[in-house]
Amino acid sequence: MTPKRIAVIGGGISGLAAAYSLAEARRGGAPVEEYLFEASEHLGGALRTEELGGCLVEAGADSFLTEKPEASELCRELGLGDELIGSNDEQRRTLIVRYGKLLPLPAGLEFFVPRRPWSLFSTALLSPGDKLAVVTEVFQRRRAARGDESVAGFVERHFGRGFVENIVDPLLAGIYGGASEQLSAGAVLPRLVELERTHGSLVRGLWRARAKQEKAPGQPLFTTLGSGLGTLVAALRARLEDTRTMRQRHAAGVTRIASAGGQGLRVLFHIGESFDADAVILAVPAHEAARLLETYDPQLADHLVEIPYSSSLIVALGYDAAVQERLPAAFGFLVPRREPLRMVACTFVANKFPHRVPPDRTLLRCFYGGVRDEAVLELNDQQVVELARRELEEVLGLAARPRFFAVYRWRKALPQYTVGHRERLEAVHHRLTGHRGLFLCGNAYDGIGVSDCIRSGKTAAEACLHEVAAQDRESKVETAF
Ligand SMILES: Cc1cc2nc3c(=O)[nH]c(=O)nc-3n(C[C@H](O)[C@H](O)[C@H](O)COP(=O)(O)OP(=O)(O)OC[C@H]3O[C@@H](n4cnc5c(N)ncnc54)[C@H](O)[C@@H]3O)c2cc1C
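Please read these numbers as outputs of a predicted model, since none were measured by experiment.

K.L.:
I would appreciate a short explanation of the overall build of the protein in the present structure.
P.N.:
Of regular secondary structure, the protein possesses 15 helices and 22 strands. Taken over C-alpha atoms, the radius of gyration comes to 24 Å for the protein, in line with the 23 Å a tight globule of 481 residues would show. Summarising its shape, the C-alpha atoms of the protein cover approximately 80 × 55 × 40 Å along the three principal directions. Considering the protein as a whole, with its 481 residues, one finds that 47% of them fall into the buried category. For the protein, contacts bridging at least 24 residues in sequence account for 73% of all contacts bridging at least 6.

Here you go:
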């Protein structure tokens with residue numbers, strides 16, 4: 001039987017996970033051949049590790065949340081289990097800039113909800129009125145909103161405006177590069193929306209949920225690979241066929257074609273080539289998927305392009321070890337919007353993942369951009385470094401000149417799950433059901449973290465294999481008649 005040709009477009013972690021799942025199915029006897037097409041020089045998308053001045057520098061993502069298991073599971077499956085390491089939680093403190101000073105983020109926040117509201121009494125991040133709102137939330141019975149609402153609106157109803165501005169907003173800017181008044185509570189905080197629906201109070205809901213849960217043994221907050229997330233990319237790459245893994249293949253469009261088995265899809269590339277496939281998995285950002293599907297299904301393309309994206313810029317600055325002694329014991333700091341700084345966040349890498357930095361060095365990763373500051377991506381490297389140096393001096397009193405630096409620009413890389421995201425996804429799924437052989441995966445849909453993307457890629461591959469098998473059964477029945 002001729003194997004079905006499946007094209008995966010986009011070689012980030014989502015596309016790699018999809019192609020790897022197809023390759024595993026093929027090795028298990030499924031009659032498929034997977035082909036991976038990546039536009040750039042590199043596989044891995046936002047996962048890239050470099051060595052710089054003896055430090056291991058992550059150009060994009062540096063770790064995954066331990067409580068989401070997909071990334072660790074995949075690493076173990078690939079024989080990288082021994083390389084998994086946790087964050088150094090002895091230094092697990094996050095600081096927030098307030099009037100130019102660094103204040104600790106209150107401990108015991110579980111997805112923004114304070115487990116022990118009274119422990120917030122001592123924080124200088126909140127006003128007395130804010131604190132009262134937080135402490136009395138446990139007695140409230142908030143009624144859930146009728147439709148979707150913004151994260152800011154949702155959290156403000158429970159804990160007040162100050163809590164949103166000083167705690168939730170900087171945390172969200174650090175994760176999504178987004179603003180809490182635009183992001184959707186239903187898509188970003190589904191667990192909390194459910195707690196509100198069932199308990200009214202989020203704090204009470206959290207207590208009850210906790211009481212039912214098995215107490216998990218102390219897990220690190222983040223997990224990563226000792227040699228960097230680039231190792232995961234390399235291990236996935238090694239499981240794919242060389243001749244069917246193509247870089248510098250920028251897809252330009254997808255069209256329908258008649259094929260021997262009924263209907264197929266043709267992928268057109270910018271270099272003028274094309275590839276005919278029985279099925280296509282688009283593992284590219286939603287705005288790029290929209291472009292590829294513009295003529296194939298303009299309505300689907302319209303829904304996809306409605307998912308906005310923000311850009312991010314990371315500047316990694318390497319210093320002599322003396323600087324490390326001056327850093328507070330913390331993973332880093334976040335900057336609320338009203339502070340007069342362009343920096344969104346800064347990670348003290350030697351505190352979070354000490355093994356990545358040799359004893360004679362220290363490394364800071366400063367984050368810029370997000371929905372508030374796309375313009376920062378237009379600065380040249382020297383301007384970025386000068387900006388970061390100026391702002392680090394303001395916040396940390398750090399005047400030292402970095403020994404080395406690297407600037408990474410991630411244009412339109414972080415999807416914003418804005419209010420109405422779930423409805424947009426429903427519209428996308430509705431259109432997709434009419435298209436045989438077309439699948440989507442990636443960070444635009446059901447979670448932006450590394451584990452979410454792996455799940456998304458694997459799920460798309462499974463759906464594709466399922467459909468290909470069904471097509472096969474149908475063609476056998478037709479032949480029998
Ligand atoms: C700066 C940054 C830091 C992050 N930090 C973390 C973190 O610490 N932990 C965490 O869990 N998550 C983090 N994330 C989120 C997570 O890393 C990403 O959501 C995830 O890596 C996205 O994977 P993806 O494969 O869906 O998309 P991408 O990584 O964007 O990959 C898409 C790929 O498709 C290719 N492509 C695009 N168009 C075409 C085309 N027309 N033809 C062919 N190929 C195409 C691109 O070149 C790219 O390689 C971070 C993201 C960023 C940007």
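K.L.:
It is not clear to me how the environment of Asn-351 should be interpreted in this structure. Could you clarify?
P.N.:
Its place among the elements puts Asn-351 in helix 12 (residues 349–352). Separated by 263 residues in sequence, Asn-351 and Asn-88 place their C-alpha atoms 6.7 Å apart.

K.L.:
Would you take a moment to explain the site of the ligand for this structure?
P.N.:
Neighbouring the ligand are 36 residues; Gly-10, Gly-12, Gly-45, Ala-61 and Gly-449 lie closest to it. Those elements that provide at least two residues to the shell around the ligand are helix 1 (13–27), strand 17 (309–320), strand 21 (404–415) and helix 15 (450–480). Partitioned by chemical class, the residues of the shell around the ligand number 19 nonpolar, 14 polar and three charged. Domain assignment of the residues forming the shell around the ligand places at least three in each of domain 1 (4–45 + 229–307 + 418–480) and domain 3 (309–415).

K.L.:
What am I meant to see in the environment of Gly-12 here?
P.N.:
As for its position among the elements, Gly-12 is in the loop between strand 1 (4–9) and helix 1. As for Gly-12 and Glu-149, which are separated by 137 residues in sequence, their C-alpha atoms are 31 Å apart. If near-sequence neighbours (up to four positions away) are discounted, Gly-12 is found in contact with Gly-44, Gly-45, Ala-46 and Ala-283.

K.L.:
What should I look at first to understand helix 13 (residues 381–396) in this one?
P.N.:
For an α-helix the count is 3.6 residues per turn, leaving residues at separations of three or four pointing the same way. Between the first and last C-alpha of helix 13 there are 22 Å, a value that for 16 residues agrees with the 22 Å anticipated at 1.5 Å per step. Within helix 13, the full set of buried residues consists of Val-384, Ala-388, Glu-391 and Leu-392. For helix 13, the arc enclosing every buried residue in end-on projection is 105 degrees, short of the 170-degree limit, so these residues lie on one face. Among the exposed residues of helix 13, those oriented more than 90 degrees off its buried face are Gln-382, Gln-383, Glu-386, Arg-390 and Glu-393. Where helix 13 is buried, its residues contact strand 17, strand 20 (361–369) and strand 21. Looking at the residues trailing helix 13, positive phi occurs at Gly-397, about 70 degrees.

K.L.:
Would you mind going over the sheet that holds strand 7 (residues 94–98) with me for this structure?
P.N.:
The pairing of strands in a sheet comes from backbone hydrogen bonds and takes either a parallel or an antiparallel form. Taken together, the seven strands give an open sheet; going across it, the order is 8-7-18-19-20-17-21, and neighbouring strands pair in mixed fashion. Either end of the sheet is taken by a strand with one partner, and the two such strands are strand 8 (101–104) and strand 21. Neighbouring strand axes in the sheet, compared pairwise and without regard to direction, differ in orientation by 25 degrees on average. In this structure, strand 19 (residues 345–348) lies alongside strand 20, joined through four bridges in antiparallel fashion. Bridge assignment links Cys-346 to a residue of strand 20, and that residue is Cys-366.

K.L.:
Hey, could you run me through the nonpolar core in this one?
P.N.:
The nonpolar side chains of a soluble globular protein tend to be buried, and buried together. Counting 73 residues, the largest nonpolar core has Val-151, Val-155, Val-315, Met-343 and Cys-366 as its most contacted members. Split by domain, the residues of this core number at least three in each of domain 2 (107–212) and domain 3 (309–415). The contacts of Val-151, once residues within four sequence positions are left out, are Val-168, Leu-172, Ser-180, Leu-183, Ala-185, Val-188 and Leu-189. Grouped together as the second largest cluster of nonpolar side chains are 67 residues, Ala-17, Val-254, Ala-301 and Cys-453 included.

Criteria and thresholds
Residues numbered from 1 in each chain as written. Predicted model: local features only at pLDDT ≥ 70, side-chain atom pairs only at ≥ 80, totals over all residues. Helix = DSSP H or I, 4+ residues; strand = E, 2+ residues; numbered from the N terminus. Rg over C-alpha atoms; globule rule 2.2 N^0.38 Å. Buried ≥ 20, exposed ≤ 12 C-beta atoms within 10 Å, placed from the backbone. Contact = placed C-beta atoms within 7 Å. Near = placed C-beta within 6 Å. Nonpolar A, V, L, I, M, F, W, Y, C, P; charged D, E, K, R; others polar. Domains from an automatic or database assignment. Expected span 1.5 Å × (residues − 1). Arc of directions from axis to C-beta. Pairing = 2+ DSSP bridges. Axes fitted to C-alpha atoms, helices over the stretch in contact; angles between N-to-C directions. Core = buried A, V, L, I, M, F, W, Y, C linked by C-beta atoms within 7 Å.

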